[in-house]
Amino acid sequence: MARDSQAALIALNRFGFGARGGASGDFINAASDPRGFVLAELARPNGALLEVPGLLSTPELGKQVFDYQFEIQQARNAAKAAQQGASEMPPQGPDAKPQPRRNLSLSTAAKEIAGKDPAMQPQAADAANAAMTPSATMQPQAGPPKPPAQPLNIIQKTFRAEALARLQRGVVADCGFVERLVVFWSNHFCISANKGALARMWAGSFEREAIRPHVLGRFSDMLKAVEQHPAMLFFLDNQQSLGPESRAGINRNRGLNENLAREIMELHTLGVGGGYTQNDVTALARVITGWTFAGRRGQLGTPGSFVFNANAHQPGPQQVLGKTYAQAGIAQGEAVLSDIARHPSTAKFIATKFARHFVADDPPPALVAKLQDSFTRTDGDLRALTAALVQSNEAWQAPLTKMRSPYEFLLASGRLLARNPEDPGRYLNGLNLLGQPLWSPAGPNGFPDTAAAWAAPEGIKLRLDISAQLASQLADKFDPRDLLELVAADAAAPETRRTIERAESRQQALALLLMSPEFQRR
């Protein structure tokens with residue numbers, strides 16, 4: 001069979017995370033059967049699941065963070081009591097100890113706890129937590145040495161462990177297509193770890209539990225898993241939403257929070273202009289009152305688990321998108337989600353966004369129509385939707401005009417340079433620097449998904465800085481000309497090949513390769 005280098009480049013860059021270095025043979029395999037190379041990952045049972053020893057369930061993580069917060073509060077209360085006692089007993093004599101400081105901060109209390117807890121001591125790996133920017137050794141030395149890093153608390157440790165598991169999976173995956181699907185759906189149904197301690201603690205488990213099991217399943221199942229996950233409920237404040245006529249709403253004189261209902265319609269399913277009104281948003285908000293998670297005391301269920309609080313649920317039938325839902329309790333909300341998942345506007349919205357992510361900012365209308373038809377005809381079967389994308393001619397004929405996101409760029413670099421991370425610090429700091437902090441978009445609409453968003457001059461300069469830093473560390477281990485063959489082979493433009501061959505040094509050649517269109521574009 002003839003090898004198609006251009007199609008191999010599309011297979012690896014458009015659908016995956018790029019070719020791996022070493023003896024992986026990714027480019028040759030992709031060139032021999034481009035579509036088969038991409039589709040092979042879809043055939044692996046449970047290929048999207050991320051089951052790593054030490055990664056806990058959301059309720060288990062919830063208990064840990066609740067206990068940690070309770071311990072912090074106890075320490076703060078004890079410190080306050082000690083201050084009050086000391087203020088009543090002033091020091092006597094020249095050898096008396098000074099009074100404790102007033103208004104002991106939460107961070108100071110936390111440090112005292114950390115000092116007593118062996119599990120929260122600094123670890124050697126944290127010393128290597130350098131950003132993917134020019135290293136400290138390249139900068140002039142000035143000023144006193146920095147104090148040692150503070151020990152990580154349980155929330156920070158958990159976030160880093162979840163991040164490391166995700167990064168390692170992306171670096172070692174054959175093509176990375178399934179991981180790209182995970183990233184797409186995780187951004188579509190995004191939360192932000194910056195919301196608070198629970199969001200940061202649950203960011204990884206949310207993706208593992210609500211996204212990964214369904215990326216090749218049914219959209220309706222993913223939608224339900226997402227909207228009932230404690231991380232999403234916390235992120236969009238649904239635990240604060242009370243039916244105005246529910247027992248809790250009357251007793252507390254509080255009402256609806258429409259955040260989750262609005263984003264379900266606007267961002268998760270129907271899309272802007274999808275045929276819903278403000279009345280529909282309000283009705284859906286009433287329908288999903290009572291969808292919450294159990295707190296530390298476990299009065300409603302296992303701490304950190306999804307629960308339905310009947311006392312907070314708005315009683316009575318509700319009309320959403322012209323249909324009346326008379327079901328009682330949790331079944332009412334599940335019925336609405338099931339119908340919205342199958343709405344024609346949802347099919348169009350998902351098909352357009354899916355094509356935009358993988359193919360072009362302005363996706364071919366014929367491709368969108370094919371994906372919309374697949375979504376509708378198969379009742380939201382995401383495996384069928386994904387296969388329809390790969391099997392379409394439009395997905396292979398469109399030029400590589402999209403820019404890799406920061407996450408895709410850093411993963412592609414790690415794959416090509418065979419750097420399977422043992423510590424997530426370099427990647428996390430690189431993502432922060434490039435404006436795509438892991439699991440932390442600025443809003444519920446997720447990170448942007450257009451070439452212009454990542455091709456701004458400042459962003460390109462930062463990518464060049466990172467590429468130069470990687471080259472300074474690793475250039476002596478690779479011949480950039482050989483790496484170009486792994487990245488693009490015959491599909492490399494003559495200009496790119498000449499630029500790398502004429503570079504003044506291996507270091508410069510490697511940096512130029514990492515910044516080449518063959519590496520940056522997808």
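Whatever comes next refers back to the structure up there.
Residues numbered from 1 in each chain as written. Predicted model: local features only at pLDDT ≥ 70, side-chain atom pairs only at ≥ 80, totals over all residues. Heavy atoms only, no water.

### Concerning the overall build of the chain
Tallying secondary structure elements over the chain gives 26 helices and four strands in all. For the chain, with 522 residues in total, the buried portion stands at 51%. A separation threshold of at least 6 residues defines the contact pool for the chain, and within that pool the share at least 24 residues apart is 74%. Surface summary for the chain: the accessible area is close to 23,700 Å², and the carbon and sulfur share equals 52%. (Helix = DSSP H or I, 4+ residues; strand = E, 2+ residues; numbered from the N terminus. Buried < 20%, exposed > 50% of the residue type's maximum accessible area, 1.4 Å probe, protein only. Contact = heavy atoms within 4.5 Å. Areas by Shrake-Rupley, 256 points an atom, 1.4 Å probe, with all protein chains shown as cover.)

### Digging into the side chain of N309
Mapped onto the elements of the fold, N309 is located in the loop between β2 (306–308) and β3 (318–320). The exposure class of N309 is buried, given its relative accessible area of 16%. Among the polar contacts listed, one links the side chain of N309 to the backbone nitrogen of N311, at a separation of 3.2 Å. Discounting residues that sit within four places of it in the chain, N309 has contacts with G290, T292 and L300. (Polar contact = N/O pair within 3.5 Å; in protein donor to acceptor, adjacent residues only side chain to side chain.)

### Thoughts on the packing of aromatic side chains
For any two aromatic rings, the description comes down to two numbers: the centre-to-centre distance and the angle of the planes. Enumeration according to the criterion identifies 19 aromatic pairs in this entry. With a centroid separation of 5.5 Å and an interplanar angle of 65 degrees, the aromatic rings of F219 and F375 are classed as edge-to-face. Taken as a pair, F219 in helix α9 (residues 219–227) and F375 in helix α16 (residues 365–377) lie far apart in primary sequence, 156 residues in all. In terms of burial, F219 and F375 fall into one category: buried. Judged by centre distance (5.9 Å) and plane angle (80 degrees), the rings of W291 and F306 are edge-to-face. With a gap of 15 residues between them, W291 in strand β1 (residues 291–293) and F306 in strand β2 connect regions that are remote in the sequence. Judged by relative accessible area, W291 falls into the buried class, the value being 0%. (Phe/Tyr/Trp six-rings, centres within 6.5 Å; stacked < 30°, edge-to-face > 60°.)

### Focus on the pattern of salt bridges
For the structure on display, the rule yields 25 salt bridges. Linking R20 and D174 is a salt bridge whose minimum nitrogen-to-oxygen distance equals 3.3 Å. Remark: D174 occurs in the loop between α6 (154–172) and α7 (177–188) and R20 occurs in the loop between α1 (5–14) and α2 (26–32); sequence separation between them is 154 residues. A residue is classified by how much of its surface remains accessible, and R20, at 18% relative accessible area, is buried. Within this structure, R166, R169, E179, E207 and R212 form a network of salt bridges that share partners. (Salt bridge = Lys/Arg side-chain N within 4 Å of Asp/Glu carboxyl O.)

### Overview of helix α19 (residues 406–416)
Counting buried positions along α19 gives eleven out of eleven residues, so the element sits mostly inside the fold. Just downstream of α19 lies A418, where phi reads positive at about 55 degrees.

### Looking at α1
For α1, the tally of buried residues reaches nine of ten residues, placing the bulk of the element in the interior. Backbone nitrogen of Q6 and a side-chain oxygen of the N-cap are separated by 3.3 Å at the start of α1; the cap is D4.

### Regarding the environment of Q508
Relative to the helices and strands, Q508 resides in helix α25 (residues 506–514). Judged by relative accessible area, which is 33%, Q508 ranks as partly exposed. For the pair formed by Q508 and S472, sequence separation is 36 residues and the distance between their alpha carbons is 8.5 Å.

### What to know about the nonpolar core
In terms of nonpolar packing, the biggest core is built from 133 residues, with F15 and W185 touching the most fellow members. Per element, the largest residue contribution to this core is eight residues, and it comes from helix α8 (residues 197–211). The residues touching F15, leaving out its near neighbours within four places in the chain, are I10, V38, G176, F177, R180, F358, L389, V390, A395 and W396. (Core = buried A, V, L, I, M, F, W, Y, C linked by side-chain atoms within 4.5 Å.)

### Notes on the side chain of T496
Relative to the helices and strands, T496 resides in helix α24 (residues 494–501). You can call T496 buried: its relative accessible area is 9%. Side chain to side chain, T496 and E518 meet in a polar contact 2.9 Å long. Not counting the four nearest positions on each side in its chain, T496 is found in contact with L484, S516, P517 and E518.

### So, the packing of helix α12 (residues 259–268) against helix α13 (residues 278–287)
The description of two packed helices rests on the angle between their axes and on the distance between the axes. As a packed pair, α12 and α13 sit with axes 8 Å apart at the nearest point and diverge in direction by 125 degrees. Regarding the angle of α12 to α13, the classification is oblique. For the crossing formed where α12 meets α13, the hand is right-handed. Contacts between α12 and α13 involve A261, R262, I264 and M265 on the former and, on the latter, Q278, D280, V281, L284 and A285. Residues belonging to the contact of α12 with α13 are distributed by class as follows: six nonpolar, one polar and two charged. (Axes fitted to C-alpha atoms, helices over the stretch in contact; angles between N-to-C directions. Parallel < 35°, antiparallel > 145°, perpendicular 65-115°, else oblique. Left-handed = near helix turned anticlockwise from the far one by under 90°. Nonpolar A, V, L, I, M, F, W, Y, C, P; charged D, E, K, R; others polar.)

### Re unusual backbone geometry
Phi at N46 takes a positive value of approximately 55 degrees, unusual for a residue other than glycine. Looking at the secondary structure, you find N46 in the loop between α3 (34–39) and α4 (58–87). One non-glycine residue, D237, lies in the positive phi region at around 65 degrees. As for its position among the elements, D237 is in the loop between α10 (230–235) and α11 (247–252).

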